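What the coordinates show
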Amino acid sequence: MDKVKNIIVGCGITGITLARRIAEEKNEEVLIIDNKDHIGGNCYDYYDENICVHKYGTHIFHTDNKDVWNFLSKFTKWHPYMHKVKAVIEGIEIPVPFNINSMEMVFPSCLSEKLQQKLVEKFGFGKKVPILELRKCDDKDLNFLADYIYKRIFLDYTLKQWGVKPEDLDPLVTGRVPVYVSRDDRYFQNKYQGIPLNGYTKMMEKMLDHPLIKVKLNTSFNDIKNSIEYEKLYYTGAIDEYFDYKFGELPYRSINLDFQKYDKEYYQSNSVINYPENYTFTRIGEYKYFLDDKSDKTIVSFEYPEAFVRGKNERYYPIINEENLALYQKYLDEAKKDPKLMFLGRLGDYKYYDMDKAIERVLNMEI
Ligand SMILES: Cc1cc2nc3c(=O)[nH]c(=O)nc-3n(C[C@H](O)[C@H](O)[C@H](O)COP(=O)(O)OP(=O)(O)OC[C@H]3O[C@@H](n4cnc5c(N)ncnc54)[C@H](O)[C@@H]3O)c2cc1C
């Protein structure tokens with residue numbers, strides 16, 4: 001029987017951050033395993049045609065947390081990058097989140113000016129207004145605007161992405177893309193934003209480069225669980241899978257990413273363009289924009305959301321509602337019976353985490 005003090009299941013950004021902390025702060029050995037053939041989980045990227053491609057869809061690092069930024073900055077330099085997203089509405093590319101610039105592109109100036117004035121009076125300049133809140137306005141002009149944005153930007157996109165209407169989602173999800181009463185075209189307003197200069201994978205390789213950290217890929221927890229003794233098991237895989245789905249399956253949305261390579265310098269005018277109204281895909285990401293990679297080819301991905309089906313595709317977004325959270329809680333209560341075991345990460349916590357929040361969770365926990 002092999003022995004190790006700490007095992008981490010899952011070599012994503014959560015597991016890797018934890019491995020580094022255990023090795024560095026506790027001076028203890030740690031074995032980190034992953035059933036994939038690469039490190040990094042969803043943040044994994046690789047080079048093709050001199051372009052850094054994000055295998056699991058476009059990833060932009062952004063945070064207000066200085067500790068998280070400083071922690072990662074020990075392992076990478078940053079390419080300064082401010083993310084902007086466009087959406088094709090009635091055939092025109094406009095900035096999203098919808099803001100005053102977007103408004104001026106889709107409405108005649110007399111209408112746009114009237115709406116701007118009413119928005120500023122009602123909410124104040126610089127405010128971010130969730131679409132479902134804007135829809136509650138009793139003013140008929142603001143109502144018209146809310147209906148326009150709801151229908152053009154949110155309704156079909158949400159139906160494609162989640163399979164339900166915006167009002168049937170957790171408000172936190174729709175609240176993530178509010179309407180901006182400003183001219184700020186940036187997708188995120190965080191203080192720290194960027195892309196690791198040599199990609200996420202290189203950064204994570206450095207995080208794992210410590211004499212007390214041992215990495216084993218192509219290894220699922222089931223492969224080793226009966227042949228290894230450990231004092232602590234940190235599990236960043238799916239909590240329902242660990243318990244063999246004994247209370248039922250936790251639902252997720254997935255995405256079919258269709259990667260295409262084109263023999264031209266650029267495919268589109270921006271790194272990410274959303275298609276809320278037309279087509280069955282939700283957005284197209286073009287990877288060379290992130291690090292300003294130079295190549296006479298370009299690589300893009302078309303995102304087709306779909307239900308998660310075990311064995312067929314990847315778990316991407318947890319579907320947060322009361323029923324699913326109650327089911328998650330059952331698993332968590334079960335987990336608490338084993339003092340050696342701890343769940344964390346987006347699959348262990350059944351939570352959507354941006355990368356910074358996944359790291360923050362680990363930096364703040366007791367080890
Ligand atoms: C499409 C998409 C776009 C995103 N874009 C952004 C973005 O722009 N900015 C941002 O900040 N965040 C973004 N995120 C979120 C980001 O991907 C997550 O915060 C991050 O990946 C969480 O890392 P994790 O380690 O918790 O989980 P994961 O990356 O999923 O890592 C878990 C690992 O565990 C392994 N595993 C699971 N079960 C087992 C098992 N039984 N045995 C062995 N190994 C196992 C898996 O193979 C996986 O590698 C995006 C997410 C998605 C889905």
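Think of each chain on its own: its residues are numbered from 1, step by step along the sequence as written. The predicted nature of this model means local features are confined to residues of pLDDT at least 70 and side-chain atom pairs, given and counted, to a pLDDT of 80 or more, with totals for whole chains, interfaces and linings taken over all residues.

1. Notes on the sheet that holds strand E18 (residues 317-318)
Whether two strands pair depends on DSSP finding at least two bridges between them. In DSSP terms, a helix is any run of H or I states spanning at least four residues, a strand is any run of E spanning at least two, and both are numbered starting from the N terminus. Within the open sheet, the seven strands sit side by side as E8-E7-E15-E16-E17-E14-E18. Their pairing is mixed. Edge strands, defined here as strands with exactly one partner in the open sheet, are strand E8 (92-96) and E18. Alignment of strand E15 (residues 272-274) against strand E16 (residues 283-286), held across three bridges, turns out to be antiparallel. By the bridge assignment, Val272 is partnered in E16 with Gly285.

2. What about the site of the ligand?
Near, for a residue, is defined by distance from a backbone-placed C-beta atom to a molecule or strand, with 6 Å as the limit that must not be exceeded. Around the ligand there are 34 residues in total, and Gly10, Gly12, Gly41, Gly237 and Gly345 lie nearest to it. Those elements giving two or more residues to the shell around the ligand turn out to be helix H1 (13-26), helix H13 (345-348) and helix H14 (355-364). In the shell around the ligand, the residues fall into 15 nonpolar, 14 polar and five charged. Note that Gly is not counted as nonpolar here; it falls among the polar residues with everything else outside the nonpolar set of Ala, Val, Leu, Ile, Met, Phe, Trp, Tyr, Cys and Pro and the charged set of Asp, Glu, Lys and Arg.

3. What about the environment of Gly175?
Structurally, Gly175 can be placed in helix H7 (residues 171-175). Considered as a pair, Gly175 and Lys122 are 53 residues apart in the sequence and their alpha carbons are 18 Å apart.

4. What to know about the environment of Asp185
Tracing the chain through its elements places Asp185 in the loop between strand E10 (179-180) and strand E11 (192-196). Sequence separation between Asp185 and Gly10 is 175 residues; the distance between their C-alpha atoms is 36 Å. Whether two residues are in contact is decided by their C-beta atoms, placed from the backbone, lying within 7 Å. In this structure, Asp185 is in contact with Lys84, Pro95, Asn99 and Asn101, ignoring residues within four places of it in sequence.

5. A look at the environment of Leu332
Relative to the helices and strands, Leu332 resides in helix H12 (residues 322-335). Separated by 92 residues in sequence, Leu332 and Asp240 place their C-alpha atoms 9.5 Å apart.

6. Quick notes on the domain arrangement of the protein chain
The domain boundaries assigned to the protein chain delineate domain 1 (2-81 + 192-249 + 318-364) and domain 2 (98-180). For the domains described, the bounds stem from an automatic or database domain assignment. One C-alpha centre belongs to domain 1, the other to domain 2, and the line joining them spans 36 Å.

7. A closer look at the pairing of strand E1 (residues 2-9)
Working note: regular strand, side chains alternate between the two faces of the sheet. As judged from the seven bridges shared by E1 and strand E13 (residues 228-235), these two strands associate in the parallel manner. Bridging from a neighbouring strand, Lys3 pairs with Glu229 of E13. With its strands directed away from the observer, a crossover is right-handed exactly when the path from the first strand over the helix to the second travels clockwise. Between the parallel pair E1 and strand E2 (residues 30-33), the chain is carried across by H1, and the sense of this crossover is right-handed.

8. Some remarks on unusual backbone geometry
A cis amide bond, omega 0°, links Val96 with the succeeding residue Pro97. Of note, Pro97 is situated in the loop between E8 and helix H3 (100-106). Notably, Tyr279 is not glycine yet its phi reads approximately 70°, a positive angle. Along the chain, the position of Tyr279 falls in the loop between E15 and E16. Backbone geometry at Tyr350 places phi at a positive 50°, although glycine is not the residue there. For Tyr350, the position within the fold is in the loop between H13 and H14. In this scheme the burial state of a residue depends on its C-beta neighbours within 10 Å: 20 or more other such atoms mean buried, 12 or fewer mean exposed, and anything in between means partly exposed; the C-beta positions come from the backbone. Residue Tyr350 is classed as buried on the basis of its C-beta count, with 25 C-beta atoms lying within 10 Å.

9. Structural notes on the sheet that holds E2
For sheets, the rule is that strands pair by backbone hydrogen bonds, running either parallel or antiparallel. If you trace the five strands from one edge of the open sheet to the other, you get E12-E2-E1-E13-E19, paired in parallel fashion. Taken across any chain shown, the strands that pair with only one partner, and hence form the sheet edges, are strand E12 (213-216) and strand E19 (341-343). This sheet shows a mean twist of 30° between the axes of neighbouring strands, independent of strand direction. For E1 and E2, the ladder comprises four bridges, and the chain directions are parallel. Across the sheet, Ile7 pairs through a bridge with Leu31, a residue of E2. Angles run from 0 to 180 degrees between N-to-C directions of axes, and those axes are lines fitted to C-alpha atoms, restricted for helices to the stretch in contact.

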